[in-house]
Amino acid sequence: MCGRYLFQTPAEELIGEFDLASLPDDLSPQYNVAPSHLVAVVGNKPHGLGRGLVRMRWGFVPRWATDPNAGPRPINAKSETAATNPAFRDSFHTRRCLIPATGFYEWHTTPAGKVPQLFRPTAGTPLAFAGLWDVWNPNGESPLFTCTILTVPANGTTAFCHHRMPAILPRGDYAAWLDAKTPLAEVQALLRTSPDDLLTATALSGTVNSVRNAGPDCLTPAA
DNA sequence: CCAGACGTTGTT
DNA sequence: GTCTGG
DNA sequence: CCAGACGTTGTT
DNA sequence: GTCTGG
């Protein structure tokens with residue numbers, strides 16, 4: 001997957017699946033989410049507080065990092081290796097999450113240049129990306145919550161842009177994904193390439209190319 | 001045993 | 001945190 | 001992901 | 001070209 005995704009609506013349908021005590025009050029639509037931006041995440045909260053919606057920065061920092069400003073902040077993690085990769089293993093076991101989105105962008109490289117493409121669910125319902133999160137808080141100061149989106153091989157609809165795509169979970173898999181008690185083999189099996197008919201591609205104007213453009217015009221189709 | 005290192009994906 | 005090296 | 005910036009030596 | 005910032 002690329003470094004940009006659409007979080008157009010709060011995905012209240014998605015969130016409504018869960019019994020949430022409170023919701024952040026700033027879940028306005030985002031049309032051009034970039035790394036380091038705050039995104040909403042549904043996950044098992046730290047300290048055993050159960051499920052909830054948490055605002056996190058997109059770009060993963062493991063809890064053992066000595067300096068969160070040094071080193072990479074990966075926005076994606078390969079689903080095939082996340083369970084054993086040192087950077088993600090611990091979160092794969094105990095800190096899985098869902099990242100709601102109404103679609104995502106990929107850039108199609110053509111001889112004429114790069115054309116942004118919008119991938120949205122054909123059915124129009126919000127998507128839930130499978131993600132991992134962590135919290136960096138070695139000094140007991142303000143904790144840094146971060147997350148990353150897992151990727152899987154592209155399907156027939158997305159492959160013309162990229163060979164990877166986000167891991168998208170069907171509604172029926174949300175609970176098992178978030179449940180820390182789900183056996184690891186079952187967790188791993190949830191990360192699959194989506195059917196070709198899940199998403200529909202639309203070529204866009206270049207508005208989305210700049211993160212300075214963060215409004216609905218990011219969705220404007222190509223002329 | 002302790003000390004110390006350890007972070008990504010996806011491009012071309 | 002977990003793993004490696006000494 | 002894309003857009004946009006990206007300058008030195010030698011001095012105190 | 002490469003790196004940073006958004």
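A. Looking closely at the protein's contact with DNA strand B. Among the 23 residues in the neighbourhood of DNA strand B, the closest are listed as Val61, Pro62, Ala70, Gly71 and His162. For DNA strand B, the backbone makes up 54% of the atoms found within 4 Å of the protein, where backbone means sugar plus phosphate. Here a base oxygen of DNA strand B and a backbone polar atom of aspartate 67 are 3.1 Å apart. Here a base oxygen of DNA strand B sits 3.2 Å away from a polar atom, N or O, in the main chain of glycine 71. Broken down by element, the surface near DNA strand B gets its largest block of residues, 3 residues, from strand E5 (residues 76-78). Considered class by class, the residues forming the surface near DNA strand B number 12 nonpolar, 8 polar and 3 charged.

B. Inspection of the layout of surface pockets at higher detail. Of the voids in this model, the largest pocket is the one considered here, and its volume is about 260 Å³. As for the largest pocket, its lining consists of 18 residues, and the residues nearest its centre are Ile168, Leu169, Pro170, Arg171 and Leu198. Taken together, the residues that form the lining of the largest pocket break down as 12 nonpolar, 4 polar and 2 charged.

C. A look at the sheet that holds strand E7 (residues 103-110). Spatial strand order, E2-E1-E7-E8-E12: 5 strands in an open sheet with antiparallel pairing. Each edge of the open sheet carries a strand with a single partner, namely strand E2 (30-33) and strand E12 (199-203). On average, each strand axis in the sheet is tilted by 30° relative to the strand beside it, whichever way the strands run. In the sheet, strand E1 (residues 5-7) pairs with E2 via 2 bridges, with the strands oriented antiparallel. Pairing of phenylalanine 7 across the sheet is with glutamine 30, part of E2.

D. Quick look at the side chain of threonine 148. Assignment of secondary structure puts threonine 148 in strand E10 (residues 144-153). At 3.1 Å, the side chain of threonine 148 forms a polar contact with the backbone oxygen of isoleucine 75. Excluding residues that lie within four positions of it along the chain, threonine 148 makes contacts with Trp58, Phe60, Pro74, Ile75, Asn76, Ala77, Phe88, Ile99, Ala130, Gly131 and Leu132.

E. Representation of the packing of aromatic side chains within the structure. The tally for this structure, following the rule as stated, stands at 9 aromatic pairs. Each ring, one from tyrosine 5 and one from phenylalanine 129, has its centre 5.5 Å from the other, and the planes form 70°; the classification is edge-to-face. Of the two residues, tyrosine 5 sits in strand E1 while phenylalanine 129 sits in strand E9 (residues 127-136), which places them 124 residues apart along the sequence. We classify tyrosine 5 as buried; its relative accessible area is 0%. According to the relative accessible area criterion, phenylalanine 129 is buried, its value standing at 0%.

The rules we used
Residues numbered from 1 in each chain as written. Chains lettered and ligands numbered in written order. Predicted model: local features only at pLDDT ≥ 70, side-chain atom pairs only at ≥ 80, totals over all residues. Heavy atoms only, no water. Near = heavy atom within 4 Å. Polar contact = N/O pair within 3.5 Å; in protein donor to acceptor, adjacent residues only side chain to side chain. Helix = DSSP H or I, 4+ residues; strand = E, 2+ residues; numbered from the N terminus. Nonpolar A, V, L, I, M, F, W, Y, C, P; charged D, E, K, R; others polar. 1 Å grid on protein atoms, 1.4 Å probe; cavity = no way out; pocket = protein on both sides within 12 Å on 5 of 7 lines; lining within 4 Å. Points joined across faces, edges and corners; volume = space filled by probe spheres on them. Pairing = 2+ DSSP bridges. Axes fitted to C-alpha atoms, helices over the stretch in contact; angles between N-to-C directions. Contact = heavy atoms within 4.5 Å. Phe/Tyr/Trp six-rings, centres within 6.5 Å; stacked < 30°, edge-to-face > 60°. Buried < 20%, exposed > 50% of the residue type's maximum accessible area, 1.4 Å probe, protein only.

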